[in-house]
Amino acid sequence: MRKRPPLTVSSNTEFAKLITHSSQAVIFTGAGISTESGIPDFRSPGGVWSKMKPIQFQDFIADPKIRHESWRRKFDRLDGLANALPNSGHFAVAKLVNNKKVSHVITQNVDNLHQKSGVPNNQVIELHGNATYAKCLDCGQVYELSLLEFAFRKYGEVPDCEHCDGMLKTATISFGQSMPEWEMLLAEQATIDCDLFIVIGSSLLVYPAAGFPLQAKQQGAKLVILNREPTEMDCYADLVIHDEIGSVLSKSILKSGTVCN
Ligand code: ZN
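Calculation criteria
- Every chain is numbered on its own, with residues counted from 1 as its sequence reads.
- Confidence filtering applies because this is a predicted model: local features only for residues at pLDDT of at least 70, side-chain atom pairs given and counted only at 80 or more, and all residues used for totals across whole chains, interfaces and linings.
- Remark: hydrogens and water are excluded; side-chain values derive from all non-hydrogen atoms of the structure.
- Marked domain ranges trace back to an automatic or database domain assignment.
- Buried area: the accessible surface (1.4 Å probe) lost by two parts on joining, summed over both.
- One side-chain nitrogen of Lys or Arg within 4 Å of one carboxyl oxygen of Asp or Glu is enough to make a salt bridge.
- Polar contact is defined as a pair of N or O atoms within 3.5 Å, subject to the rule that within protein one atom must be able to donate a hydrogen and the other to accept it, and that residues adjacent in sequence are counted only when both atoms are side-chain atoms.
- Side-chain classes are defined by residue name, with Ala, Val, Leu, Ile, Met, Phe, Trp, Tyr, Cys and Pro counting as nonpolar, Asp, Glu, Lys and Arg as charged, and the others, Gly among them, as polar.
- The buried label goes to any residue with under 20% of its type's maximum accessible area, the exposed label to any with over 50%, and the partly exposed label to all in between, with areas taken from a 1.4 Å probe on protein chains only.
- The helix and strand labels rest on DSSP assignments: H or I over at least four residues marks a helix, E over at least two residues marks a strand, and numbering proceeds from the N terminus.

**Details of the domain arrangement of the chain**
When the parts of a complex come together, some accessible area is lost, and that lost area is often taken as the interface size.
At step 1: Segmentation of the chain into domains returns domain 1 (1-37 + 86-127 + 179-261) and domain 2 (40-79 + 129-172).
At step 2: Computed over C-alpha atoms only, the centres of domain 1 and domain 2 are separated by 29 Å.
At step 3: Summed over both partners, the interface of domain 1 with domain 2 buries about 610 Å², with 53% contributed by carbon and sulfur atoms.
At step 4: In this assembly, domain 1 and domain 2 are joined by 0 salt bridges.
At step 5: Across the domain 1-domain 2 interface, the total number found is 3 residue pairs in polar contact (both at pLDDT 80 or more).
At step 6: Taken together, the residues of the side of domain 1 that touches domain 2 sort by class into 4 nonpolar, 4 polar and 2 charged.

**Description of the pattern of salt bridges**
At step 1: Taken as a whole, this structure holds 9 salt bridges when the rule is applied.
At step 2: A salt bridge links Asp76 to Arg72, with the nearest nitrogen and oxygen atoms 2.9 Å apart.
At step 3: Assessed through its relative accessible area of 30%, Arg72 is described here as partly exposed.
At step 4: In this structure, Asp76 and Arg153 form a salt bridge, with 3.7 Å as the shortest nitrogen-oxygen distance.

**Here we look at unusual backbone geometry**
At step 1: Unusually for a residue other than glycine, Asn112 sits at a positive phi of about 70 degrees.
At step 2: Here Asn112 lies in the loop between strand S2 (102-107) and helix H7 (113-116).
At step 3: Despite not being glycine, Asp165 has its phi angle at roughly 65 degrees, a positive value.
At step 4: Checked against the element boundaries, Asp165 lands in the loop between helix H8 (145-155) and strand S6 (168-172).
At step 5: Taking the relative accessible area as the measure of exposure, Asp165 reaches 62% and is therefore exposed.

What follows is the structure, encoded as structure tokens:
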């Protein structure tokens, strides 16, 4: 793997140039952008899942006790999402979307912070779903968590779907659950269509999501990786920045002249 030079001031300038010259960029985000909002990185060593075993989708379906445990964790706010707010990184991303530099934000995060920071719903592609609401596994009806929590506290369980009696679950893609087909298609299309693919805060370890940066490169797009730690894909990138996400993004966007209308 090629060695990268240490971060210099010119990295921001180079990043800004790539943004300026792009006519359709795609941003791909992982846990790293949200750790700056205080949300724990579940997968990292020392993260929540190294202390608390994740619940497999099949076990959630098959075992009422495990289902109860899953809801208890959710309603005891163990995922750290309850009061999380977007940070300067999210707002910088939203700026790029709203100035039509970026067509889509593909995210591995389930925290809803891209939408909260002002990215329109139809431009966020959530590969792992969304943990801020629940859905019926059969008919897809959406449910507010506050209502389900009320029932859980009162009756000790979450009710079934009022429309079809299907099982309710937070709208996330759990371990053992297949990737969402529609979102995967959308993400692939956006990747094929872009001329600049920007990875932010993802270690790019989880497939199939981690395949997108390579696909973008193969289609002739430029690749930027902004992550605190080195990633497996650094050697393929046109620009690699290992630094704090929020400050780098804000500075690079300012330099690119992409300011909010
Ligand atoms: Zn239903």
